[in-house]
Amino acid sequence: RGGEMIAMASFSVHDAGAGPQDYCLFISSEGEYLVFGGHDPSSSTNWGLVGRYFGPPPIGRNCALNYGNDVLILTLEGAIPFTQIRARRNANDELSAITSKLGSFLSDLNVNADTWGWQMLAYARSGMLILNTPNGSTIASEYTQFVMNTTTNAWTTFDGLNGISFVVFNRRLYFG
């Protein structure tokens, strides 16, 4: 599909009786998802392409988040678990974004997909999944944080936190 590699994530798959199998996921700007596996990337006999999947194009370089036993991918169609992209048989198969309850609130911001600041962050201490989105086309724009309660899956927004980047350090949430 062209484009460039913009993100990488790792994930594990537990198969019946054999234990976990670890993989590396490489994400392209055009929605191509490449999975590599093995135990020695310096050896072509012990490392290789396991799968090639296609899905919606991701948003930003912070588009992947290890979440539970999956990887959430922030895409133009919302935050989608990678297990759904992997399970897709063809491009017409529906994907269910965990952000679907946000409706047009999130999709209206896709026009700012090239603006720095798109990010997902899990803050386990407070049971939150934070989705940071720019409201404009420049880094000086205001930002909105859509916040999901990870117990109830209910969404809300934070007001007054004009943060470009969020991080958890020493179990505390910070933004800048």
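Residues numbered from 1 in each chain as written. Predicted model: local features only at pLDDT ≥ 70, side-chain atom pairs only at ≥ 80, totals over all residues. Heavy atoms only, no water.

### Section: the overall build of the protein chain
Line of reasoning, step 1. Of regular secondary structure, the protein chain possesses two helices and 13 strands.
Line of reasoning, step 2. Taking 176 residues into account, the globule formula puts the C-alpha radius of gyration at 16 Å, and the protein chain, at 17 Å, falls close to it.
Line of reasoning, step 3. Seen along its three principal axes, the alpha-carbon backbone of the protein chain occupies a region of about 50 × 35 × 30 Å.
Line of reasoning, step 4. The burial tally for the protein chain puts 41% of its 176 residues in the buried class.
Line of reasoning, step 5. In the protein chain, 40% of the contacts between residues at least 6 apart in sequence involve partners at least 24 apart.
Line of reasoning, step 6. Taking the average location of the 10 positive side-chain charges in the protein chain and that of its 14 negative ones, the two points are 7 Å from each other. (Helix = DSSP H or I, 4+ residues; strand = E, 2+ residues; numbered from the N terminus. Rg over C-alpha atoms; globule rule 2.2 N^0.38 Å. Buried < 20%, exposed > 50% of the residue type's maximum accessible area, 1.4 Å probe, protein only. Contact = heavy atoms within 4.5 Å. Lys, Arg positive; Asp, Glu negative; His and termini not counted. Charge placed at Lys NZ, Arg CZ, Asp CG, Glu CD.)

### Quick word on the sheet that holds strand β8 (residues 119-123)
Line of reasoning, step 1. Ordered in space as β8-β9-β10-β11, the four strands form an open sheet in which the pairing is antiparallel. Both edges of this open sheet fall to β8 and β11 (155-158), since each of them pairs with a single strand only. This sheet shows a mean twist of 25 degrees between the axes of neighbouring strands, independent of strand direction. (Pairing = 2+ DSSP bridges. Axes fitted to C-alpha atoms, helices over the stretch in contact; angles between N-to-C directions.)

### Some thoughts on the nonpolar core
Line of reasoning, step 1. One finds Leu25, Tyr33, Ile73, Phe82 and Ile85 to be the most contacted residues of the largest nonpolar core, which totals 34 residues.
Line of reasoning, step 2. Elements with a contribution of two residues or more to this core: β1 (5-15), β2 (19-28), β3 (32-38), β6 (70-75), β7 (78-81), α1 (82-87), β9 (128-134) and β10 (143-149).
Line of reasoning, step 3. Among the nonpolar cores identified, the runner-up in size contains six residues, and Leu121, Tyr123, Met128 and Phe166 belong to it. (Core = buried A, V, L, I, M, F, W, Y, C linked by side-chain atoms within 4.5 Å.)

### Some details on the layout of surface pockets
Line of reasoning, step 1. Here the largest pocket defines a volume of roughly 270 Å³.
Line of reasoning, step 2. Residues that form the lining of the largest pocket fall into these classes: eight nonpolar, five polar and three charged. (1 Å grid on protein atoms, 1.4 Å probe; cavity = no way out; pocket = protein on both sides within 12 Å on 5 of 7 lines; lining within 4 Å. Points joined across faces, edges and corners; volume = space filled by probe spheres on them. Nonpolar A, V, L, I, M, F, W, Y, C, P; charged D, E, K, R; others polar.)

### Considering the sheet that holds β6
Line of reasoning, step 1. Overall, antiparallel pairing links the three strands, which are arranged β5-β6-β7 in an open sheet. Looking at strand neighbours, the two that pair on one side only are β5 (64-67) and β7, the edges of this open sheet. Strand-to-strand twist across the sheet, computed as the mean angle between neighbouring axes with direction ignored, equals 30 degrees.

### Some words on the pattern of salt bridges
Line of reasoning, step 1. In the structure shown here, the tally under the stated rule is two salt bridges.
Line of reasoning, step 2. Between Arg61 and Glu4 there is a salt bridge, with the nearest N and O atoms lying 3.6 Å from each other. Of this pair, Arg61 sits in the loop between β4 (47-54) and β5 while Glu4 is found in the segment before β1, placing the two residues 57 residues apart along the sequence.
Line of reasoning, step 3. The exposure class of Arg61 is partly exposed, given its relative accessible area of 44%.
Line of reasoning, step 4. With its nearest N and O atoms 2.5 Å apart, the salt bridge here joins Glu32 to Arg52. With a gap of 20 residues between them, Glu32 in strand β3 and Arg52 in strand β4 connect regions that are remote in the sequence.
Line of reasoning, step 5. Here Glu32 falls in the buried class, since its relative accessible area comes to 10%. (Salt bridge = Lys/Arg side-chain N within 4 Å of Asp/Glu carboxyl O.)

### Side note on the environment of Val50
Line of reasoning, step 1. Along the chain, Val50 falls in strand β4.
Line of reasoning, step 2. Sequence separation of Val50 and Ala79 is 29 residues, and the distance between their C-alpha atoms is 23 Å.
Line of reasoning, step 3. Here Val50 is in contact with Tyr23, Val35, Phe36 and Gly37, once residues within four sequence places are set aside.

Scope: geometric values only; no functional claims are made or implied.
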